[in-house]
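Topology and contacts: notes
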Amino acid sequence: MKQPSCSTFSSLCIQRCFKNNSLISFDDHDHQDLEPAAEKTNENMVADNSAKRKSGGWRAVSFILANETCERLASFGLLGNFMVYLMTKLNMDQVSASNVLNIWNGVTNFAPLVGAFISDAYAGRFRTIAYASFASLLGMGTLTLTAWLPQLHPHACTKQEVDLGHCRGPNQTQLGFLILGLGLVSIGSGGIRPCSIPFGVDQFDPATHQGRKGINSFFNWYYTTLMIVLLLSQTIVVYVQDKVSWVIGFGIPAVLMACSIIFFFFGTKLYYYVKPEGSIFSSIAQVFVAAYKKRHLKLPAAAASEGGDDDHVVGGVQQAFYDPPMKGRNGLSKLPRTNQYRFLDKAAVIMENELNQDGTPVKKWRLCSIQQVEELKCLVRIAPIWATGVISLTAMVQQVTFTVSQALVMDRHLGANFEIPAGSISVISFLTISIWLPFYDRILVPALRRTTNHEDGITLLQRIGIGNVFSILSMVVAGSIENKRRASPNPISVLWLGPHLILLGFCEAFNILGQIEFFNRQFPEHMRSMGNALFSCSFGGASYLSSLLVTVVHRVTATRDRPDWLTNDLNKGRLDYFYYLLAGLCALNLVCFLYCANGYRYKGAVVVEMDEDKVSYVDVEMSSSVAKA
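What you see is a predicted model; the values in this text were computed from it and never measured.

Focus: the overall build of the protein
Helices and strands together make up the secondary structure of the protein, namely 20 helices and 7 strands. Here the protein, with 629 residues, has 54% of them falling under the buried criterion. Summing over all exposed atoms, the protein offers an accessible surface of approximately 27900 Å²; the carbon and sulfur share of this is 61%.

As for the UniProt feature "transmembrane region" (unreviewed entry) in the protein
UniProt records the feature "transmembrane region" (unreviewed entry) for residues 221-240, 246-266, 379-400, 420-439, 460-481, 493-513, 533-557 and 577-597 in the present numbering. A distance of 36 Å separates the end C-alpha atoms of residues 533-557, which is 96% helix and 0% strand.

Topic: the environment of Leu-588
On the secondary structure map, Leu-588 appears in helix α20 (residues 575-598). When its relative accessible area of 57% is taken as the criterion, Leu-588 is described as exposed. Each C-alpha atom of the pair Leu-588 and Ser-392 lies 10.0 Å from the other, and the pair is 196 residues apart in sequence.

Here we look at the packing of aromatic side chains
Enumeration according to the criterion identifies 34 aromatic pairs in this entry. Taken together, a centroid distance of 5.8 Å and an interplanar angle of 55 degrees make the contact between Phe-126 and Tyr-271 tilted. With Phe-126 in helix α7 (residues 125-148) and Tyr-271 in the loop between α11 (246-266) and α12 (280-293), this pair connects stretches of sequence that are 145 residues apart. Residue Phe-126 is classed as buried on the basis of its relative accessible area, which comes to 16%. Between Phe-264 and Tyr-271, the aromatic rings sit 5.5 Å apart at their centres with planes inclined by 35 degrees, giving tilted as the arrangement. Residue classification places Phe-264 among the buried positions, given a relative accessible area of 1%. Note on Tyr-271: relative accessible area 2%, which makes it buried. Among the aromatic residues, ring-to-ring pairing joins Phe-126, Phe-134, Phe-199, Phe-264, Phe-265, Tyr-271 and Tyr-273 into one connected group.

Overview of the pattern of salt bridges
All told, the structure shown has 10 salt bridges when counted by the stated rule. Measuring nitrogen to oxygen at the nearest pair gives 2.6 Å for the salt bridge that ties Arg-125 to Asp-202. One end of the pair, Arg-125, is in helix α7; the other, Asp-202, is in helix α9 (residues 172-202), and 77 residues separate them in sequence. A relative accessible area of 22% places Arg-125 in the partly exposed class. You can call Asp-202 buried: its relative accessible area is 11%. Among the ionic contacts, a cluster of salt bridges with common partners joins Asp-242, Lys-243, Arg-412 and Glu-419.

A closer look at the layout of surface pockets
There is about 1100 Å³ of room inside the second largest pocket. Taken together, 34 residues line the second largest pocket, and the ones lying closest to its centre are Met-87, Val-162, Val-409, Asn-568 and Asp-569. Only α5 (82-88), α6 (94-123), α8 (159-164), α15 (402-408) and α17 (460-487) provide two or more residues apiece to the lining of the second largest pocket. Of the residues belonging to the lining of the second largest pocket, the class tally is 14 nonpolar, 13 polar and 7 charged. Residue contributions to the lining of the second largest pocket reach at least three from each of two domains, namely domain 1 (55-277) and domain 3 (380-602).

Quick look at the state of the cysteines
Evaluation of the coordinates by the stated rule reveals 1 disulfide. Cys-592 takes part in no disulfide bond, and the closest cysteine sulfur, belonging to Cys-596, lies 6.6 Å away.

Digging into the side chain of Asp-345
As for its placement among the helices and strands, Asp-345 is situated in the loop between β3 (333-334) and α13 (370-392). Residue Asp-345 is classed as buried on the basis of its relative accessible area, which comes to 0%. Not counting chain neighbours up to four residues away, the residues in contact with Asp-345 comprise Leu-299, Phe-321, Arg-337, Thr-338, Val-373, Glu-374 and Lys-377.

Focus on the nonpolar core
Among the nonpolar cores identified, the biggest contains 103 residues, and Phe-82, Leu-461, Phe-518, Leu-566 and Phe-578 are the most heavily contacted of them. Top contributing element to this core by residue count: helix α18 (residues 498-522), with 11 residues. Counting 13 residues, the second-largest nonpolar core is a separate cluster that includes Ile-129, Ala-132, Cys-195 and Met-257.

Quick look at α13
Here α13 is 23 residues long and its end C-alpha atoms lie 34 Å apart, about the 33 Å a rise of 1.5 Å per residue gives. The largest bend in α13 is about 35 degrees, located at Ala-383, with the proline Pro-384 one to four residues further on. Extensive coverage of α13 is indicated by the burial of 17 of its 23 residues.

As for the packing of α7 against α9
One can describe the packing of α7 onto α9 by two numbers: an axis separation of 7 Å at closest approach and a directional angle of 150 degrees. Viewed along their axes, α7 and α9 adopt a mutual orientation that is roughly antiparallel. Both α7 and α9 take part in a crossing whose hand is left-handed. Looking at the contact of α7 with α9 residue by residue, the class counts come to 18 nonpolar, 10 polar and 2 charged.

Details of the side chain of Thr-142
Inspection of the secondary structure puts Thr-142 in helix α7. Classification of Thr-142 by relative accessible area gives buried; the value is 11%. Within the local environment of Thr-142, its side chain forms a polar contact with the backbone oxygen of Leu-138, the two atoms lying 2.8 Å apart. Every residue in contact with Thr-142, bar those within four places of it in the chain, is listed here: Phe-177, Leu-180, Gly-181 and Leu-184.

Description of the environment of Glu-374
Position of Glu-374 among the secondary structure elements: in helix α13. Assessed through its relative accessible area of 1%, Glu-374 is described here as buried. Between the C-alpha atom of Glu-374 and that of Arg-337, which follows or precedes it by 37 residues, the distance is 6.6 Å. Leaving out residues up to four positions away in the same chain, Glu-374 has contacts with Leu-335, Pro-336, Arg-337, Thr-338 and Asp-345. Polar side-chain contacts of Glu-374 include one of 3.2 Å to the side chain of Lys-377.

Rules of the game
- Throughout, a residue's number is its position along its own chain's written sequence, starting from 1.
- Reporting in this predicted model follows two pLDDT cut-offs: at least 70 for local features of residues, and 80 or more for side-chain atom pairs to be given and counted; totals over whole chains, interfaces and linings ignore these cut-offs and use all residues.
- The basis for every side-chain value is the complete set of heavy atoms in the structure, and neither hydrogens nor water enter the calculation.
- Only DSSP runs of H or I covering at least 4 residues are called helices, and only runs of E covering at least 2 are called strands; the numbering of each starts at the N terminus.
- Three labels apply to residues, based on accessible area from a 1.4 Å probe with only protein chains included: buried if under 20% of the type maximum, exposed if over 50%, partly exposed otherwise in between.
- In this description, accessible areas are obtained by the Shrake-Rupley approach with a 1.4 Å probe, and a residue is regarded as covered only by the protein chains that are shown.
- UniProt positions are given in the numbering used here, feature names are shortened, and annotations may be inferred rather than shown by experiment.
- Pairing of aromatic rings covers Phe, Tyr and Trp, the last through its six-membered ring, and needs centres within 6.5 Å; plane angles under 30 degrees mean stacked, over 60 mean edge-to-face, and all others mean tilted.
- Throughout this description, the term salt bridge denotes a Lys or Arg side-chain nitrogen within 4 Å of a carboxyl oxygen of Asp or Glu.
- Buriedness for pockets is judged along seven lines, at least five of which must meet protein on both sides within 12 Å for an open set on the 1 Å grid over protein atoms alone, while cavities are sets there where a 1.4 Å probe fits but cannot get out, and lining residues have an atom within 4 Å of a point.
- Grid points are joined across faces, edges and corners, and a volume is the space filled by probe spheres set on the points.
- Gly is placed with the polar residues, together with every amino acid not listed as nonpolar (Ala, Val, Leu, Ile, Met, Phe, Trp, Tyr, Cys and Pro) or charged (Asp, Glu, Lys and Arg).
- Boundaries between domains were set according to an automatic or database domain assignment.
- Note that a disulfide, as used here, is simply two cysteine sulfur atoms within 2.5 Å.
- Pairs of residues are marked as contacts when any of their non-hydrogen atoms sit within 4.5 Å.
- Remark: nonpolar core denotes a set of buried residues (Ala, Val, Leu, Ile, Met, Phe, Trp, Tyr, Cys) joined through side-chain atoms within 4.5 Å.
- Working rule for helices: expected span equals 1.5 Å times residues minus one.
- By definition, a residue's bend is the angle between the axes fitted to the seven residues ending there and the seven starting there.
- Whenever a helix is involved, its axis is fitted only over the stretch in contact; in every case the axis is a line through C-alpha atoms, and angles between N-to-C directions fall within 0 to 180 degrees.
- In what follows, roughly perpendicular refers to angles from 65 to 115 degrees, roughly parallel to angles under 35, roughly antiparallel to angles over 145, and oblique to any angle outside these ranges.
- Left-handed describes a crossing whose near helix is turned anticlockwise from the far helix through less than a right angle; right-handed describes the clockwise counterpart.
- Each polar contact in these results corresponds to two N or O atoms within 3.5 Å; when the atoms are within protein, one needs to be able to donate a hydrogen and the other to accept it, and residues that are neighboring in sequence are counted only if both atoms are side-chain atoms.

Rendered as structure tokens:
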């Protein structure tokens, strides 16, 4: 979810430099007029919140940023060059190394979903980050030992053993320590990544202007440190691992991780702590259970119309949907009842003796609010778009697997004395995004805006669709370049991988950034952490899908006369066919995406309008197609 590639995270950083949005703040386009109302609504709470906040602020945030920076440096430092480590230090064949890397990436990118659940429901963000940091440190230490101790890695192969195919890989003990180290790193990432941003935001009071300003500034600093991590991990760390020592290359991030834990606990007395409020998964389950229990209830036609009367008659009894006023931050924005997935509306129908005297449900597993129902509908609508995103990201997973394998057998010299590390070749994608995004944001979007009359130039789904097209083109070009490499009598320059990686850079700039913004706008406000976790899961799913494809292709493409497409000797294999296969899958996925996007119904909202002491709710119109988005 492979972990999101380094150029992926760099694109996030650059976008934040040009768009000062917050992942958990209100959408700029949907809520830009709400701030004055929010200040009126909360003006009596500001003084109380400020008085209660005796901790937090920038002093506390500095320790959180230090912890997150070192964790990312450790994991990204592993990611960029780990394929080389598995093949050269642990003597794994190309297919085995690719599968290990893909499976690890998948676990690491699904882990934040579990970490977010544990944090929100039980442990809280501080304790989750603390325990996860120790797990990450132990994982990095274990991986460093696999490179340091001779007993934990196989002996180096001679050239004759490599030529004869007699190179011995890791034994069960050595493989066990490798898996243990990777597993601990995944646990650390699963706890730190979903909690570090919310924990940093917790240190500011969103009810005050200064607090909201601090939150926006925090995101700028967060992604600035991320940019530094990317540059260090993809250049210096990879170079040390490749040219100096794997022990030092793994040891440096491990030492930095230890320092980050010390700094993190130094800030204990400065942090502002938010108690766990329970997970959204329980709310989702309640809607399903309540709708199932009332499955025999028939909704009248009047209840199907959006924006219609919420009162209706069933069996001669006047009934209504349970739609209480929102509280807290969500009081400024709620979801209107929609006509899609009507069977879920049954969960909100008030039956006899289902309400207490204070208006609360007697049993939460029998009666849910309209807001809960519509939040679940948002998830159901987003699911097909998310699923198509998994396949489209499969092309990007190859940057840290077979692209690195190609670089190893190509001429990587720049001049007479410098050789590019194979793991650093993906920097080309990063540079592409660095150059493209400023041009896109400052020049192309204003020009498109004048043509389309859309504030973003093009819609989010159109942007994702363009990224899908680039994923197809990147695989076609990758196959053509591999065909050229095989046909050349001498090793060709590694810079021939440039066109393929440039197209992947465009794919990330459109597809990944489009998905991130899409999830953040289409998920209800308090569920955006889940939206970001699902985006991480997209990469995890892409890694598993890639591993499955690699295994199947490896087993079914070998014949008596020739080896399989993905054999260790790239000159005897047909990696170009594998790339063309991925291009075909991405093309089929594009058709599915267009079908799902055409029928997608964008999230609506009911916003608060305040006129002196009167509060009213006004529907925000929803769009229903890509063209109308």
